[in-house]
Amino acid sequence: ETGVTQSPTHLIKTRGQQVTLRCSSQSGHNTVSWYQQALGQGPQFIFQYYREEENGRGNFPPRFSGLQFPNYSSELNVNALELDDSALYLCASRLGSNYGYTFGSGTRLTVV
Amino acid sequence: DQQVKQNSPSLSVQEGRISILNCDYTNSMFDYFLWYKKYPAEGPTFLISISSIKDKNEDGRFTVFLNKSAKHLSLHIVPSQPGDSAVYFCAASARKETSGSRLTFGEGTQLTVNP
């Protein structure tokens, strides 16, 4: 069991740029969710993927998109970065509906 | 619309005493509740959960109480230890919904346990 690994740990981007954040889940974890945690706030649900299909989305604009791959890795892509996108981005995965989520340590994104 | 609310941003207790962290929710569809603990530079780690069919769940030093009529839950830690110092998040889900596994988090409470 290797846990949930996110990369990079920190990232600085310029407003208007695009960014890709990566997550490597444990083998067999076919459900992955992404959360955004702004400073002083709780994590906010962005979207969820199950077997490579998006099956749930929070209140985030379409410039937030994702992919899930057969090898249990996933990506969060954000286009046209805004200053308010600065946050900790968390990936969480689980084995199935009867199991809890395991969170990664997150990627700290700063948009300047 | 903050559906899960933790009204106390911080709590300080003495080692050995009880820590009580509170959480309120507004969405009647929530039927599963969880507490996560988060240390700096780490992701949230699961602590304890409770289904809406129960009013109490206990795991060692940690007990979660659920009052459905008041839409309120609390986490009790007895006895508190300095290693318990962390940010505690309350989270809820509505498992009957299509994306029933999505978690709605509160803002978190910073617990500090003083030696």
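Everything below is about the structure shown above.
Since the structure is predicted, the reported quantities are computational estimates derived from the model, not experimental observations.

(A) Structural detail: the sheet that holds strand S7 (residues 64-68) of chain A. Residue and element names in this part refer to chain A. Strand order across the open sheet formed by four strands is S1-S3-S8-S7, with antiparallel pairing between neighbours. Of all strands in the sheet, those bounded by a partner on one side alone are strand S1 (5-7) and S7. With direction set aside, neighbouring strand axes in the sheet form an average angle of 20 degrees. The pairing of S7 with strand S8 (residues 73-78) spans five bridges and is antiparallel. Each residue of the ladder has a partner; that of Gly66, found in S8, is Leu76.

(B) Structural view of the packing of aromatic side chains. Going through the model one piece at a time under the given rule, you end up with 12 aromatic pairs over all chains. With a centroid separation of 5.1 Å and 65 degrees between ring planes, the pair formed by Phe60(A) and Phe64(A) is classed as edge-to-face. Accessibility classification places Phe60(A) together with Phe64(A) in one group, the buried group. Seen in terms of ring centroids, Phe89(B) and Phe105(B) are 6.1 Å apart; in terms of plane orientation they differ by 90 degrees. Their pairing is edge-to-face. Taken together, the residues span a long stretch of sequence, with Phe89(B) in strand S9 (residues 86-93) and Phe105(B) in strand S10 (residues 104-105) at a distance of 16 residues. Residue Phe89(B) is classed as buried on the basis of its relative accessible area, which comes to 2%. Within the aromatic cluster, the residues linked to one another by ring pairs are Tyr35(A), Phe45(A), Phe103(A), Tyr36(B), Phe46(B), Phe89(B) and Phe105(B).

(C) Molecular detail of the pattern of salt bridges. For the coordinates displayed, the defined rule picks out seven salt bridges over all chains. Put simply, Arg63(A), Glu82(A) and Asp85(A) are held in one network by salt bridges that share partners.

(D) Inspection of the sheet that holds strand S3 (residues 19-25) of chain B at higher detail. All names here are of chain B. Spatially, the five strands line up as an open sheet ordered S1-S3-S8-S7-S6, and their pairing is antiparallel. Each of the sheet's edge strands pairs with one partner strand only, and the pair in question is strand S1 (4-5) and strand S6 (56-59). Two strands pair when backbone bridges link them, and S6 and strand S7 (residues 62-67) are joined in this way by four bridges, in the antiparallel orientation. Among the inter-strand pairings, Lys56 is bridged to a residue of S7, identified as Phe65.

Criteria and cut-off values
- Sequence order sets the numbering: in each chain, residues are counted from 1 along the sequence as written.
- Following the order in which they are written, the chains are lettered starting with A and the ligands numbered starting with 1.
- Per-residue local features of the predicted model are confined to residues with pLDDT of at least 70, and side-chain atom pairs are confined, for both listing and counting, to 80 or more; whole-chain, interface and lining totals are unaffected and use all residues.
- Just so you know, side-chain values use all the structure's heavy atoms and leave hydrogens and water out.
- Only strands joined by at least two bridges in the DSSP assignment are considered to pair.
- Only DSSP runs of H or I with at least four residues qualify as helices, and only runs of E with at least two residues qualify as strands; both kinds are numbered from the N terminus onward.
- Helix axes are fitted to C-alpha atoms over the stretch in contact, other axes to C-alpha atoms as well, and angles between N-to-C directions run from 0 to 180 degrees.
- Two aromatic rings from Phe, Tyr or Trp, using only the six-membered ring of Trp, form a pair when their centres are within 6.5 Å; if the ring planes differ by under 30 degrees the pair is stacked, by over 60 it is edge-to-face, and anything between is tilted.
- Relative accessibility decides the category of a residue: with a 1.4 Å probe and only protein chains considered, values under 20% of the type maximum give buried, values over 50% give exposed, and everything between is partly exposed.
- By convention in these notes, a salt bridge is any Lys or Arg side-chain nitrogen within 4 Å of a carboxyl oxygen on Asp or Glu.

Just geometry here; none of it tells us what the structure is for.
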